[in-house]
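Here are the chains, one letter per residue:
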Amino acid sequence: VSQSRYGRTLIKSSVTDGTDVFYIFNESTGLFGTLHIHDMAFEGAGVAANTGNAIHLRRCIFPTKVNNIYFYNFGGGAAIKMQSCWLTSIENVWAYQCDYGVYLGNDSVNGGWGSQVNTSIRDSHFQALTDYGIYGECDHLNIDNCIIEGNGAGIRLINANHTVINNIYFEPNIVTGK
């Protein structure tokens, strides 16, 4: 961990076995009252590497805020991957040269964890991503004031009930078999 050229705490990963850099798996409701992840930079091992995800949150059923974070070179995973998280805010994020900017999904483990619910993504920039700027399943999703450019595709949502997409700038996103 060191200070990065982006004025944030830098976490530089050389992992190429698919392991996530920052991973939280909440097995109970009492782990955190609120989770804040902010003012950081994550740098992966490269676009062609099996880097895993920079941030991976599973079953975080408490308010979570990811703010002011820069992601670079996570070619094997997402800048932010969330599975069955509730009450999530992602703001002022820049993801560059990752597989996904934000990947939202349901936890594959059986139980009452349900869907990704009440997620807000705003004031963020997703650029030069192999797959999607924003991808996944989420109920009550709000995407606002984002730039999504030069990716495999811009946004792909599946089973996204009650979704609002507002003030998004799309620069060419090239769809190749997606």
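Values in this document were obtained by computation on a predicted structure and should not be read as measured data.

Q: Is there a simple way to explain the overall build of the protein in this structure?
A: When helices and strands are tallied, the protein shows zero helices and 13 strands. Reading the protein from its N terminus to its C terminus gives the helix and strand order β-β-β-β-β-β-β-β-β-β-β-β-β. Partitioning the contacts of the protein with sequence separation of at least 6, the portion at a separation of at least 24 is 57%. A total accessible area of about 8000 Å² is found for the protein, and carbon and sulfur atoms account for 47% of it.

Q: Sorry, what's going on with the pattern of salt bridges here?
A: Any two side chains of opposite charge can pair, given that their charged atoms come close. Throughout the structure, instances matching the rule amount to two salt bridges. Two residues, lysine 12 and glutamate 43, come together in a salt bridge whose shortest N-O distance is 3.8 Å. Placement of lysine 12 in strand S2 (residues 9–12) and of glutamate 43 in strand S4 (residues 35–46) is noted, with a sequence separation of 31 residues between them. For glutamate 43, a relative accessible area of 12% gives the class buried. A salt bridge links arginine 122 to aspartate 144; the nearest nitrogen and oxygen atoms lie 3.7 Å apart. Here aspartate 144 lies in strand S11 (residues 139–149) and arginine 122 lies in strand S8 (residues 117–122), a separation of 22 residues in the sequence. Assessed through its relative accessible area of 24%, arginine 122 is described here as partly exposed. Look at aspartate 144 and you get buried, because its relative accessible area is 17%.

Q: Got a minute to help me understand the side chain of histidine 125 in this structure?
A: Inspection of the secondary structure assignment puts histidine 125 in strand S9 (residues 125–127). At a separation of 3.5 Å, a polar atom in the side chain of histidine 125 contacts the side chain of glutamine 127. The contacts of histidine 125, once residues within four sequence positions are left out, are Val93, Trp94, Ala95, Ile147 and Glu149.

Q: Please clarify how the nonpolar core should be interpreted in this entry.
A: Across soluble globular proteins, nonpolar side chains show a tendency to be buried alongside one another. The biggest cluster of nonpolar side chains holds 35 residues, and the ones touching the most others in it are Phe42, Leu57, Val66, Phe71, Ile80, Ile121 and Phe126. The set of elements that each furnish at least two residues to this core consists of S4, strand S5 (55–58), strand S6 (64–83), strand S7 (86–105) and S11. Top contributing element to this core by residue count: S6, with seven residues. Aside from chain neighbours lying at most four places away, what touches valine 66 is Ile37, Ile55, Ile80, Met82, Ser89, Ile90, Glu91 and Val93. Membership of the second largest hydrophobic core comes to five residues, among which are Ala78, Tyr132, Tyr135 and Ala153.

Q: Sorry if this is basic, but what is going on with the packing of aromatic side chains here?
A: The relation between two aromatic rings is expressed through the spacing of the ring centres and the mutual angle of the planes. Going through the model one piece at a time under the given rule, you end up with ten aromatic pairs. Aromatic side chains tyrosine 100 and tyrosine 132 sit 6.1 Å apart centroid to centroid with 15° between the ring planes, which places their arrangement in the stacked category. With tyrosine 100 in strand S7 and tyrosine 132 in strand S10 (residues 132–136), this pair connects stretches of sequence that are 32 residues apart. Classification of tyrosine 132 by relative accessible area gives buried; the value is 6%. Through successive ring pairs, a cluster of aromatic residues spans Tyr70, Tyr72, Trp94 and Tyr96. In this arrangement the basic side chain of arginine 58 is found over the ring face of phenylalanine 25, its NZ or CZ atom lying 4.2 Å from the centre. One Lys or Arg, lysine 81, reaches over the ring of tyrosine 103 and ends 5.1 Å from the middle of that ring.

Thresholds applied
- Along each chain, numbering runs from 1 in the same order as the chain's sequence is written.
- Predicted model: local features are reported for residues with pLDDT of at least 70 only, side-chain atom pairs are reported and counted for 80 or more only, and whole-chain, interface and lining totals are derived from all residues.
- Excluded from the side-chain calculation are hydrogens and water; included are all heavy atoms of the structure.
- Each helix corresponds to a stretch of at least 4 residues labelled H or I by DSSP, and each strand to a stretch of at least 2 residues labelled E; elements are numbered beginning at the N terminus.
- A contact between two residues is defined here by any heavy atoms of the two lying within 4.5 Å.
- Accessible surface area values rest on a Shrake-Rupley calculation with a 1.4 Å probe, where residue burial reflects the displayed protein chains alone.
- By salt bridge we mean one thing: a side-chain nitrogen of Lys or Arg within 4 Å of a carboxyl oxygen of Asp or Glu.
- Each residue's exposure class comes from its accessible area (1.4 Å probe, protein chains only) as a fraction of the maximum for that residue type: buried when under 20%, exposed when over 50%, partly exposed otherwise.
- For the purposes of these results, a polar contact is taken to be a pair of N or O atoms within 3.5 Å, where, inside protein, one atom must be able to donate a hydrogen and its partner to accept one; residues adjacent in sequence count only when each atom of the pair is a side-chain atom.
- We call a set of buried residues a nonpolar core when its members are Ala, Val, Leu, Ile, Met, Phe, Trp, Tyr or Cys and they connect through side-chain atoms within 4.5 Å of each other.
- Stacked, tilted and edge-to-face are the three classes assigned to paired rings of Phe, Tyr and Trp, where Trp is represented by its six-membered ring and a pair needs centres within 6.5 Å; plane angles under 30 degrees give stacked, over 60 edge-to-face, the rest tilted.
- Charge over a ring is defined by NZ of Lys or CZ of Arg lying within 6 Å of the ring centre and within 35 degrees of the ring normal.

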